[in-house]
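Here's the letter readout for the chains.
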Amino acid sequence: MYVAVKGGEAAIANAHRLLADRRRGDRSVPALRLDQIIEQLGLAVDRAMGEGSLYDRELAALAILQARGDLIEAIFLVRAYRTTLPRFGYSTPIDTGKMLIERRISATFKDLPGGQLLGPTFDYTHRLLDPTIAEAAEVEAGERRDADEEPAPRVTDLLAGEGLIEPDGIADSDEVGDLTRSPLEFPLDRDLRLQALARGDEGFLLGLAYSTQRGYARSHPFVGEIRIGEVEVELDIPELGFAVSLGRIKVTECQMVNQFKGSAKAPPQFTRGYGLVFGQAERKAMSMALCDRALRAREFGEDLAGIAQDEEFVISHLDNVQSTGFVEHLKLPHYVDFQAELDLVRRMRGEYEAAQAADPEASLQEAAE
Amino acid sequence: MARGLSCRFHETTLAATDKIETQMTEPRVEDAGGRQAIIAALAAAAGADIARAWAAWDGKPEFATVRGPETGLVMVRGRAGGGGAPFNVGETTVTRATVRLSTGEIGHSYALGRDADKARLAAVFDALWQRPADRAGVESVVIGLKAAASEANRQKREETAATRVNFFTMVRGDD
Amino acid sequence: MADSAAIEGGFADLVLDGQRVFRATMDALANPGTVNRLGALPQPPAPLTPELAALALTLCDHDSPVWLDATLAASGVVADWLRFQTGAPIVADPAEAMFALVADAAGLQRIEAFAMGTDQYPDRSTTLIVAVAGLAGGATLMLRGPGVEDEIAFAPQLAIAAFVAQWGDNRAKFPRGIDLILVGDGAVAGLPRTTRIEEA
């Protein structure tokens, strides 16, 4: 039961003012601009877009600034902002095969068509803090080489030629689920699971993904491919009679390839997990792909060996806005509830002490039992 | 050893690549394209570039804004596995506008982002393209925008290409 | 491609006009049997009436499937206009509609054909928006129920066949059932499913 809080209006007004003051910090230090956040903290912006489920760099940057760098608070702001805008429609599905690639690697094939393109990656850095970055020195532009026109087909399409890998997921019906429009009801189809995973908390999914590698699910994954780059977004416009290209967004796609010994339902083949997220978010895309595969256990008739395969557990707890909503609600006044608890504990305590006084030996025995 | 393995791989995959979509290549920019391509080029351009084209436009038309500019959301869809059943990934901001020139042509614009001025002017250019006397002018603007986009894409491709790993097999002395 | 008729005639001010019409409609449903002015109306293509259009522009969007009665469905430009102005999908099956726009009440056969909602989600029902010649001057009905103090006389020129009997069937389904909004003469009146209706 929640008690109406009175008398807090002045305190709240001052708290907001103090928040604004702390957010700004030392006035002699220059204020941050949105373009600085977009350009120089781009991966934070990408995370706020992906988990906020809204692709708009300026809005995400503003949210991060307003949230003082607390990304889950920023994601909350982005999610809330989404509710103020009308929906124009659903895009035609993006084609990652036609991506303007910035990074593309495969751990399964060394010399593949299109090549291994490292892109702007942290992978080979030595993880040593570099003070020169803070000195605002001149930074060189990237090196340029002639780009040949060699196509970069999907690795999974290459394996499909031999029939050794399961095909892309096909749906039973034409309807595409949308969890922003209807409440989730378990069991879920894969399209809703993928939508939930795409906006899920990176840390939560990372932990679950790690668990699948440690034996909490019997998977033996390989990164078939990761690609990062820009794809066109198209929308059908009835008044024009054709689809228009709205522009390009950056996405990260991960194909996980898993060994599968076969079952009553399916022959031995490689099975797959898929990750697709906004922006450059490799760790999230990989985690999403591992969790996607784990959650398909039912499809493959696999034993449930770990919590990552438990759809109700994973999907119910992966949304950090939902999670923090309930966790943080504990801060709301629960005074009356607690009074009731206090009375109850006092009464139980009274009974306990009375029992102790009456017969110390017997009550110890009882307590031990 | 390594060479042998990669040869086998290429044989198998050459057949597969025939059917596979090629990576996006840049269109030749001498061609502005039909209406669909015009609208796409305007959508892809930066607001500042469109504003500059408008400022330079001789004989700016009178127009009324019929709808918008208004900002809304489009739910972006992906495909499971990359080519399979569609699923919803997340929404993107989109701004659209519809204008009517005093001569009656109706122009539409739709583009990612929240730039209302860009939406309005792009719709005007779309309407102008439908006027025979102005079509060539609009196509020339579009060709300029596409050239800039093409150059930016080329830069990205070349920067990425510089990070390509060039594997080479070591020839041992025993040969 | 849509011609100019589909593009013209929407609200002059999307925000203020929409809010005003929404307020009038909300008041109408909260106070069954009262007549609430809509204010300045849009200019849609016939046979879509300005009052029906005002409600459509206010309530319908990309997520709300709309069903059109035979009179409205016969006109391609009405569907084009609604699609352009609201983005609403137009459905042929009344049971799939969130809103039903009815220009000719006499042609409305059975309320039964529309979506009644489910026990778990009774709100997933069709809201019927019916154009009438006037919200007064017809046969008098006596209304009772939530939002009505005692009872109220309401006399819309409503031509739905066996209306009071059909409404009785609708009430029997509670919490499922449809809700009815009547528009005409620049005004709106509401009959939510909780209202009891008897002939005077």
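See the structure printed just above.
The rules behind each value
- Residues numbered from 1 in each chain as written.
- Chains lettered and ligands numbered in written order.
- Predicted model: local features only at pLDDT ≥ 70, side-chain atom pairs only at ≥ 80, totals over all residues.
- Helix = DSSP H or I, 4+ residues; strand = E, 2+ residues; numbered from the N terminus.
- Rg over C-alpha atoms; globule rule 2.2 N^0.38 Å.
- Buried ≥ 20, exposed ≤ 12 C-beta atoms within 10 Å, placed from the backbone.
- Contact = placed C-beta atoms within 7 Å.
- Nonpolar A, V, L, I, M, F, W, Y, C, P; charged D, E, K, R; others polar.
- Pairing = 2+ DSSP bridges.
- Axes fitted to C-alpha atoms, helices over the stretch in contact; angles between N-to-C directions.

Along the backbone of chain A there are 13 helices and 6 strands. Against the 2.2 N^0.38 benchmark of 21 Å for 369 residues, chain A shows a C-alpha radius of gyration of 26 Å, more extended than a compact globule. Taken over the C-alpha atoms alone, chain A extends approximately 90 × 65 × 55 Å along its principal axes. By the burial criterion, 37% of the 369 residues in chain A qualify as buried.

Okay, the interface of chain A and chain B next. Reports often express the size of an interface as the amount of accessible area lost when the parts come together. On the chain B side, the residues contacting the 77 residues of chain A number 59 residues. Among the secondary structure elements, those contributing two or more residues to the side of chain A that touches chain B are β1 (54–55), β2 (87–90), β3 (100–105), α6 (155–160), α7 (190–198), β4 (221–237), β5 (242–258) and β6 (271–278) of chain A. In terms of residues, the side of chain A that touches chain B owes the most to one element, β5 of chain A, which gives 8 residues. Of the residues assigned to the side of chain A that touches chain B, the class counts are 35 nonpolar, 18 polar and 24 charged. Of the strand pairs in this sheet, β1 of chain A and strand β2 (residues 86–101) of chain B are connected by 2 bridges, and their pairing is parallel. Across the sheet, residue L54 of chain A finds its bridge partner in β2 of chain B, namely E91 of chain B.

Let's shift gears to the sheet that holds strand β9 (residues 196–199) of chain C. Paired through their backbone hydrogen bonds, the strands of a sheet run either parallel or antiparallel. Residue and element names in this part refer to chain C. With antiparallel pairing, 3 strands are arranged side by side in an open sheet as β6-β5-β9. Where the open sheet ends on each side, the last strands, each with one partner, are β6 (152–154) and β9. Averaged over neighbouring strand pairs, the angle between their axes works out to 35° when direction is ignored.

Across the boundary between the two partners, chain A contributes 9 residues, which contact 9 residues of chain C. Of the residues assigned to the side of chain A that touches chain C, the class counts are 4 nonpolar, 2 polar and 3 charged.

It is worth spelling out the sheet that holds β6 of chain A at this point. All names here are of chain A. Reading across the sheet, the 4 strands line up as β3-β4-β5-β6 and stay open at both edges, with antiparallel pairing between neighbours. Sheet topology places β3 and β6 at the edges, where each strand pairs with a single neighbour. Taking each pair of neighbouring strands and ignoring which way they run, the sheet shows an average axis angle of 25°. Where β4 lies against β5, 16 bridges are found, and the strand directions are antiparallel. By the bridge assignment for β5, F222 is matched with V257. Where helix α9 (residues 282–295) meets the sheet, its contacts fall on β4, β5 and β6, and the angle it forms with β6 comes to roughly 145°.

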